[in-house]
Every structure is written in structure tokens, then in C-alpha cells.
Amino acid sequence: MATQGQIPVPMTTMPQNHVVVPVAPVAPVLTRDSFNSQSLGRATNAHVKQARVLMVGAGGIGCELLKNLALTGFGEIHVVDLDTIDLSNLNRQFLFRQEHIKKSKALVATEAAQRFNPDVKIVAHHANIKDSEFNVQWFRGFNIVFNALDNLEARRHVNKMCLASDVPLIESGTTGFNGQVQVIKKGVTACYDCTPKETPKSFPVCTIRSTPSQPIHCIVWGKSYLLNEIFGVSEDASAFDHSEDQDNAEEIAELRRESEELRRIQQSMGTVEFPQLLFDKVFNKDVVRLRSMEDMWKSRKPPEPLDYEFLTEKAADAAASSDSILADGQKVWSLEESFVVFNNSLGRLSRRMLDLKENQGSGPQPMITFDKDDEDTLDFVAASANIRSAIFGIDRKSRFDIKQMAGNIIPAIATTNAIVAGLCVLESFKVLRGEYDQAREVFLTPFAFARLLASDRPRRPDPDCPVCSVYSTSVYVDLSRATLNDLVEDFLRLELGYGGKEISVSNDVGILYDPDETENLDKKLSELGISQDSCITIVDDDDDDPFVNVIVNIQEAKEPLGGGKPIQGNAADTKPEIPRKPKKTPTTEDNGVGATTNGKHAVTDEASNKGTNLKRPRADEPDEATPTKKARFAGEAPATDDDVILVDGDSSGGAIVVDDD
């Protein structure tokens, strides 16, 4: 019976012969996570979704790697990069576009990669990975760290931080068509510093300054000598090899006199006479002096000095079209065009320097240093190098080629970056499962005789490695009270068990304490430049049974320490077991027929590797854990040590290094 306001619905009965037609089930919608789960397995996919990873570097490898990490579904990704986007990046760093030039790589890459997978949390840090905020404690918050860096110093820093925080690192690099991926786990595999790195190429100073024979010699002269003498730090000695200087003492003395004269010319910067004074000095007077040394030119063509006024008249037409000359970076400039660019860039740099001096206040002396992406310095170096090449009868190069050589740019191949980034993610699955025995060190070698991808088991840690063979611990310190003596006596000798051993204590700037250096014991740690997250190195000088080197990470105590002492070890390290250094095996004597091992000749023929090993012998580097220089303390003037790495542009073969910026 229908109530008021309701429409009655008639009752019906289903016929006895009614057939129910089954409805086809709706296929479930497969998400990206479903496909990842099918591909990786549920367990591995769960690890991936819960992983918190750090990627350092957002360049060539970094763009490919960030895309892979996002598509794979890693739960949280942090990206750290200091650089901004340059026009030269766009041909291979596919996350960037023309409108992104001069913007932060980390921020733009994060924004672009987020669209690949909105479910992944990506955090950008436009900063230097060496900044204090990225300390050991911060690194400990990640499951994996990926290195996609372009310079040796930063890669070594991340390697040390991962070892100190005991977080696995996946190191990668490319150079041209070659690439490498390496899994680094403290105490399990070799670290980045277990293999000494190749020493940067340097050039004899007399070759650069007196007898150049290759374009790179003229480029190095323009970049590390002339530009520095006029706009930077005079005489960049780190760029040159002085090993043969003792045979050229008279020449070296003359070169120093030249530098003094350049400094006097520098005082005329901003005047009308300045360009001609500089030109006449380096491209006429100095060349005339070199030409007068007849013995130097018996077997080679002597240089031809240039006249400024004559070249000014000859380059009049080129000067009228200076804008078109500067716009074409692929063209090899003529002598007249190089002269025009020299004057043009010198004027730009002079105005910049005068502005810097006017606004410097009481700060340090301003300077302009070479940057491959700085058009002013690049134009000056390119023009100066080409003018010098013309003087010495050397082939000139285009500005594009000079940028590659002066900036140590190794040709980048987008496909190589993509392959290496994929290998990084594949190795990360093994790391997340803890299967380090299944990890591989992989080399991409397209021109090898064997395979495109040559893999090998990870190398064991080098027991003599100055970085990963150390024991790491931490200590809580009241920096307002703690002295170096508190650290040595109460912590090192009592808690760490050094007792009466002879030890030395050092930090990044040098020795703080050893049996002969005791004057700092009564100084507060803060006076010695030690602060939150500082690291100090302890070296056991015992000859019989020494501990391995110990790295102590300083943590500032946030609350009063127990016992009233200003220093206290980490609770987890109250009973440390510091490993001993391995006993040195007696060296097998050479009987005159070569090195032997157990009576058999050691294999030294690189051909026996059959293309599966790209590593070649490299010059040993100094042991970073045992600095020999004396420490500089707060208030003392810093020493200038601006290293300039110069290369000859030959990147074929040898060690795998990162190509990209």
C-alpha cells in the first residue's frame, strides 16, 4: 500500500524460463605501480617505494637518472646541484629547455621530472653538496646515494660522506662513448679513492711561455698566464710543470721580469693607451726578445712579432663587423678578426674590473677568473691564443674548440648518459635487497674487442686506502669549554683505547697535535677551527701494532653532558674495536727477470685483459688522511692555493671521468 505522495510500483514475477546473461567482468586498470610490481617483484617494488634516495648532480647523467628514478617509483628523491643551466647543456640534458637558461638545474629538473610521476616526492636543493647543512647526519637519512657529478673534488667528498654515514653509494661517470658504474659500500667494496686517480696534465712553463708548438700551449698561455696576470692572481704556478726549471734558471728569471712589467701596465687599465701597451708587451716586445735567442730557433721557425698600429689599419674592415665576428663561434678567426676580438674583450673585462674595484670596499683585491661560460673571459682567451698561434706559426682554433679545450670539456654523448643512468638503477635494486655479492662494476666500452658492457665483481676495499680503510666514530662536545687536551686525554686515550700510544691529531688544515706539537693542547677546539660536523683524523704512530687511521666526527652537545666533562663519546661506541693495520707482506725480491708472484711471473701485459679492464696504472696521490702541513687557526690569514687544472684535450682511453657540468 503506497503512502501519500508515493507512486505505487506494480509487483512483477520473473518468468520461469528467464535466462540470466552473465556480465563480463571489467578488466582492472593497470597502474605504473602494477607494472613495476610485475617487473621487479612485490618485495623489491615495496623496497623501491619506501626508499629515500639522494642524487648529487643534475647534468647529463643526472637528467636521465632522475627520470629513471621517478618512473621506477622511488618514494622520495632529493636532488642537489649548484649549477645553472647553460645553452650548451640543451643538446643532451633533456629536462631543460631554452627558457630555462640561467635557472637552477636542481629546481628545473625537479619540476620537469615530477610530471613523469606525480606520486613520487622530489625535493630540490640548489646548493653545494659540500655545504655544512649536508652533514653526516643528513646523509644517514638516505637509503642510497647516486653520484652524477662532473668534478673530482665533489665526487671524493660524497664518497667520504657516504663512508662516514655508512650509506651505500652508486658512483657513475661517462666520457664520450665510454661509461662506468660502481657500487660502493663501506667495508664490502672498494671506495672511489681505493684506486689512485690520474694526475691532471701539466705543461713545462718554458714550453708555454717561450716555445709553444701546439694550440693547447697557446690556450693555456692565454688562460693561465695572460688573463691571470692582468685580471686575476699573478703567476698561476699550479698550471705549470716546473720540474725542468733548474735547467732554465736564466729564462725563468726573465719571465719573472716580464710579469713585473705586466703589473706596471696593469696600472693603466681604463686608459686609452692600455690596449696598445698590453699588446706591444706580449705580442711584440716579448716576441722580439725570444727571437733574439738564436740557439732556440735552429731547428724551428722563429716567431714573428706584430705591430699594433699596422694591425689596427689592416683590421679596419673587420672592426666594422665585430658583432658578426663575435656571433659566429664555429668560425676560425683570421689574425685581423682575432685582433678585433682581443680589443673588444679587453675593453669589456677592463670595465668589469674597474667596477669591481670601485665597489670592493675594504674586501680582498677583486679578480676575474676564467669561466668557459663567461663570454668575456672566453673571448679574451680565444683571441689571445689565436694571435699567439699566428706569431708562432701554429694552427688557430675556433672559439667553440677553444672553449672545449680550455674548459676541459669532454664530448658528451646523450646515449651513453642514458645507458649509464639505466645501469645505476639496475644496481640500486641489488643494493636495496642487500645483495652486494650480486652487484657488478660495469664498464661501457663500445670499441672494445669483447662486449659492449663488460662487468666484473666489485673490488674489495684496499687495506691501505687513506679514505675507506679508516675507522669512523663520533663524539659529543661542549664547544664552549672543550680543549684539545680534553679530546686527546679523555676521549682518545681513555675511551678509544689509545692509552700511551704515540698519536697525531689533524684536521683539514694540518697537524693539531703530535708528540712534537703540543702547544695547542690548552686551546679550545673552537679556537682551532673545529665546529659542528668537523672531522679530525687520528694516526697511530706505533710501529709494531698500529690501529688504522680513525676519523672522529665532531657533534656539538645540545644538552649538558654527563659527569660534568665537556666531551663524551657516542653511546654506541663506548667499547670500540678499532681494527689494526694489516701486516706488511715482505716484498718479493727481483732476481733480474722481472716481478714474480709465488715463483711465477706477474702478468703485466695490458693486452691480456682482452678489453675487459679499462683501468690503467695511475700516479699515486698524497695520503689525504695524514696532512703534513701545520694547521692555520682562527684569525690567521688563509694561504692562497687556487688550483687550476689544465688538460691537453686528449680524453681517449684510461680512467673513466665525468664529462658533464
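Residues numbered from 1 in each chain as written. Predicted model: local features only at pLDDT ≥ 70, side-chain atom pairs only at ≥ 80, totals over all residues. Heavy atoms only, no water.

### Some words on the nonpolar core
Now for step 1: Among the nonpolar cores identified, the biggest contains 53 residues, and Phe231, Leu278, Phe279 and Phe342 are the most heavily contacted of them.
Now for step 2: Those elements that provide at least two residues to this core are α8 (215–231), α9 (249–266), α10 (274–291), α11 (308–314), α13 (322–327), α14 (335–358), α15 (375–391) and α16 (399–406).
Now for step 3: Tallying contributions element by element places α8 first for this core, with 10 residues.
Now for step 4: Every residue in contact with Leu278, bar those within four places of it in the chain, is listed here: Leu226, Ile230, Leu262, Ile265, Phe342 and Leu346.
Now for step 5: Of all hydrophobic cores here, the second largest spans 42 residues; its members include Ala51, Ile61, Ile122 and Ala439. (Core = buried A, V, L, I, M, F, W, Y, C linked by side-chain atoms within 4.5 Å. Buried < 20%, exposed > 50% of the residue type's maximum accessible area, 1.4 Å probe, protein only. Helix = DSSP H or I, 4+ residues; strand = E, 2+ residues; numbered from the N terminus. Contact = heavy atoms within 4.5 Å.)

### Topic: the pairing of strand β3 (residues 121–126)
Along a regular strand, successive side chains alternate from one face of the sheet to the other.
Now for step 1: Inspection of the sheet shows strand β2 (residues 76–81) paired to β3 by 6 bridges, in the parallel sense. Note on β3: the bridge partner recorded for Ile77 is Ile122. (Pairing = 2+ DSSP bridges.)

### Some points on a nonpolar patch on the surface
Now for step 1: A cluster of nonpolar residues, Ile419, Leu452 and Leu453, forms a patch on the protein surface that exposes about 220 Å² of accessible area.
Now for step 2: Secondary-structure assignment places Leu452 in the loop between β9 (441–444) and β10 (453–456).
Now for step 3: Under the relative-accessibility criterion, Leu452 is labelled partly exposed at 46%. (Patch = residues over 30% accessible without salt bridge, like charges linked within 9 Å, V, L, I, M, F, W, Y side chains within 5 Å. Areas by Shrake-Rupley, 256 points an atom, 1.4 Å probe, with all protein chains shown as cover. Salt bridge = Lys/Arg side-chain N within 4 Å of Asp/Glu carboxyl O.)

### Considering the packing of aromatic side chains
Now for step 1: By the definition in use, this model includes 16 aromatic pairs.
Now for step 2: Measuring from centroid to centroid gives 6.0 Å for Phe231 and Phe380, while their planes differ by 90°, and the two rings are edge-to-face. Placement of Phe231 in helix α8 and of Phe380 in helix α15 is noted, with a sequence separation of 149 residues between them.
Now for step 3: In this structure Phe231 comes out as buried when scored by relative accessible area, which is 1%.
Now for step 4: A relative accessible area of 0% means that Phe380 is categorised as buried.
Now for step 5: Through a chain of ring-to-ring contacts, the aromatic side chains of Trp221, Tyr225, Phe231, Phe279, Phe283, Tyr308, Phe339, Phe342 and Phe380 assemble into a single cluster.
Now for step 6: Seen from the ring of Trp221, Arg388 lies directly overhead, with NZ or CZ sitting 4.4 Å from the centre. (Phe/Tyr/Trp six-rings, centres within 6.5 Å; stacked < 30°, edge-to-face > 60°. Lys NZ or Arg CZ within 6 Å of the ring centre and 35° of its normal.)

### A look at unusual backbone geometry
Now for step 1: For Lys102, which is not a glycine, the phi torsion comes out positive at approximately 80°.
Now for step 2: The phi dihedral of Asp166 falls on the positive side, at around 55°, and the residue is not glycine.
Now for step 3: Examined against the element boundaries, Asp166 turns out to sit in the loop between α6 (152–165) and β5 (169–175).
Now for step 4: Overall, Asp166 belongs to the partly exposed group, its relative accessible area being 41%.

### Digging into the sheet that holds β10
Now for step 1: Spatially, β3-β2-β1-β4-β5-β6-β9-β10 is the arrangement adopted by the 8 strands of the open sheet, whose pairing is mixed. The open sheet has two free edges, formed respectively by β3 and β10, since each of these has just one partner strand. The average undirected angle you get between the axes of adjacent strands in this sheet is 15°.
Now for step 2: With respect to the sheet, α6 is in contact with β1 (52–56), β4 (144–147), β5 and β6 (178–184), its orientation differing from that of β5 by roughly 165°. (Axes fitted to C-alpha atoms, helices over the stretch in contact; angles between N-to-C directions.)

### Regarding the pattern of salt bridges
Now for step 1: By the definition in use, this model includes 31 salt bridges.
Now for step 2: For Glu64, the salt bridge is made with Lys67, and the minimal N-O distance between the two is 3.4 Å. Here the residue Glu64 and the residue Lys67 both occupy positions in helix α3 (residues 60–72), the gap between them amounting to 3 residues, near one helical turn.
Now for step 3: Of the charged contacts in the structure, one is a salt bridge between Asp379 and Arg399, with a shortest N-O distance of 2.9 Å. Highlighted residues: Asp379 in helix α15 and Arg399 in helix α16, separated in sequence by 20 residues.
Now for step 4: When salt bridges with common partners are traced through the structure, they connect Arg348, Arg352, Asp374, Asp376, Asp379 and Arg399 into a single cluster.

### Thoughts on α10
Now for step 1: In this model α10 runs 25 Å from its N-terminal to its C-terminal C-alpha over 18 residues, within 8% of the 26 Å that 1.5 Å per residue would give.
Now for step 2: Along α10, the sharpest change in direction is near 40° and occurs at Lys281.
Now for step 3: Within α10, burial applies to Phe274, Pro275, Leu278, Phe279, Lys281, Val282, Phe283, Asp286, Val287, Arg289 and Leu290. (Expected span 1.5 Å × (residues − 1). Bend = angle between axes of the 7 residues up to and from the residue.)

### Considerations on the UniProt feature "binding site: Zn(2+)" (unreviewed entry) in the chain
Now for step 1: Within this structure's numbering, the places UniProt gives as "binding site: Zn(2+)" (unreviewed entry) are Cys191, Cys194, Cys465 and Cys468. A maximum C-alpha distance of 8.5 Å places the annotated residues, which cover 278 residues in sequence, within one compact spot.
Now for step 2: Sequence-distant contacts of Cys465, that is, excluding residues within four places in its chain, are made with Cys191, Asp193 and Cys194.
Now for step 3: Tracing the chain through its elements places Cys468 in the loop between β10 and β11 (471–477).
Now for step 4: Judged by relative accessible area, Cys468 falls into the buried class, the value being 12%. (UniProt positions renumbered as here; feature names shortened; annotations may be inferred.)

### Observations regarding the sheet that holds strand β15 (residues 550–556)
Now for step 1: Sheet architecture is open: 6 strands sit in the order β13-β12-β14-β15-β11-β16, paired in mixed fashion. Each edge of the open sheet is held by one strand with a lone partner, namely β13 (510–513) and β16 (567–569). On average, each strand axis in the sheet is inclined to that of its neighbour by 35°, with strand direction left out of account.

### Focus on the state of the cysteines
Now for step 1: Inspection of every chain in the model, using the stated rule, returns 0 disulfides.
Now for step 2: Lacking any disulfide linkage, Cys465 is separated from the closest cysteine sulfur, that of Cys191, by 3.6 Å. (Disulfide = S-S within 2.5 Å.)

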